[in-house]
Amino acid sequence: MSCPRCYCAAVMLHDGRVLIIGGKNNTNSNLATTEILDLVSGTSSPGPNMNISRRGASAVLLPEDGQVLVIGGRGINGADLATTEVLDVAGNTTSAGPKLGITRSFCVAVKLPEDRILVIGGLSDN
């Protein structure tokens, strides 16, 4: 990877590559960057940047090819977030997603049938 990171999220894409999302670097700064890891070649390349730097976010692969929903996390000011972002890996773009009902960081997200997502637990400023 291009930089050390902890508290990041990771999602396996449809093609077997892994998208590493945000986190915190070795200078304790939140990251808005993503990286795509190719496990076959052992290489990484930049992915789409998020609009908000976040650590402790959760992420799920959406049914649309190459899209990932990033959920919550902790922002640069240390506050938990109620925002989501949709990362389009194929198009290398990012857009705002739906807002959460409450702030959440370090939560778990699970894709359910009928294209629904369940967000469970975590920490919240609320």
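Cut-offs used in this document
- Residues numbered from 1 in each chain as written.
- Predicted model: local features only at pLDDT ≥ 70, side-chain atom pairs only at ≥ 80, totals over all residues.
- Heavy atoms only, no water.
- Core = buried A, V, L, I, M, F, W, Y, C linked by side-chain atoms within 4.5 Å.
- Buried < 20%, exposed > 50% of the residue type's maximum accessible area, 1.4 Å probe, protein only.
- Helix = DSSP H or I, 4+ residues; strand = E, 2+ residues; numbered from the N terminus.
- Contact = heavy atoms within 4.5 Å.
- Patch = residues over 30% accessible without salt bridge, like charges linked within 9 Å, V, L, I, M, F, W, Y side chains within 5 Å.
- Areas by Shrake-Rupley, 256 points an atom, 1.4 Å probe, with all protein chains shown as cover.
- Salt bridge = Lys/Arg side-chain N within 4 Å of Asp/Glu carboxyl O.
- Phe/Tyr/Trp six-rings, centres within 6.5 Å; stacked < 30°, edge-to-face > 60°.

Enquirer: Where do I start with the nonpolar core in this structure?
Expert: The nonpolar side chains of soluble globular proteins are, as a tendency, buried together. Ranked by internal contacts, the top residues of the largest apolar core, which has 15 residues, are Leu13, Leu19, Ile21, Val68 and Leu87. The set of elements that each furnish at least two residues to this core consists of strand 1 (9–12), strand 2 (18–21), strand 5 (58–61) and strand 6 (67–71). If sequence neighbours within four positions are ignored, Leu19 has contacts with Ala9, Ala10, Val11, Leu13, Thr34, Glu35, Ile36, Val68, Leu87 and Val89.

Enquirer: Before we go on, may I ask you to explain a nonpolar patch on the surface in this structure?
Expert: Taken together, the side chains of Val108, Val110, Leu112, Leu118 and Ile120 present a nonpolar region at the surface, about 370 Å² in accessible area. Counting residues per element, the ones that place at least two in the nonpolar patch are strand 9 (108–112) and strand 10 (116–120). The class for Leu118 is partly exposed, based on a relative accessible area of 39%.

Enquirer: What should I look at first to understand the packing of aromatic side chains in this one?
Expert: Aromatic ring pairs are described here by two measures, namely the spacing of the ring centres and the angle between the planes. Taken as a whole and judged by the stated rule, the model has 1 aromatic pair. Plain terms: the ring middles of Tyr7 and Phe106 are 5.6 Å apart, the flat faces sit at 85° to each other, and that makes the pair edge-to-face. Of this pair, Tyr7 sits in the segment before strand 1 while Phe106 sits in the loop between strand 8 (93–96) and strand 9, placing them 99 residues apart in sequence.

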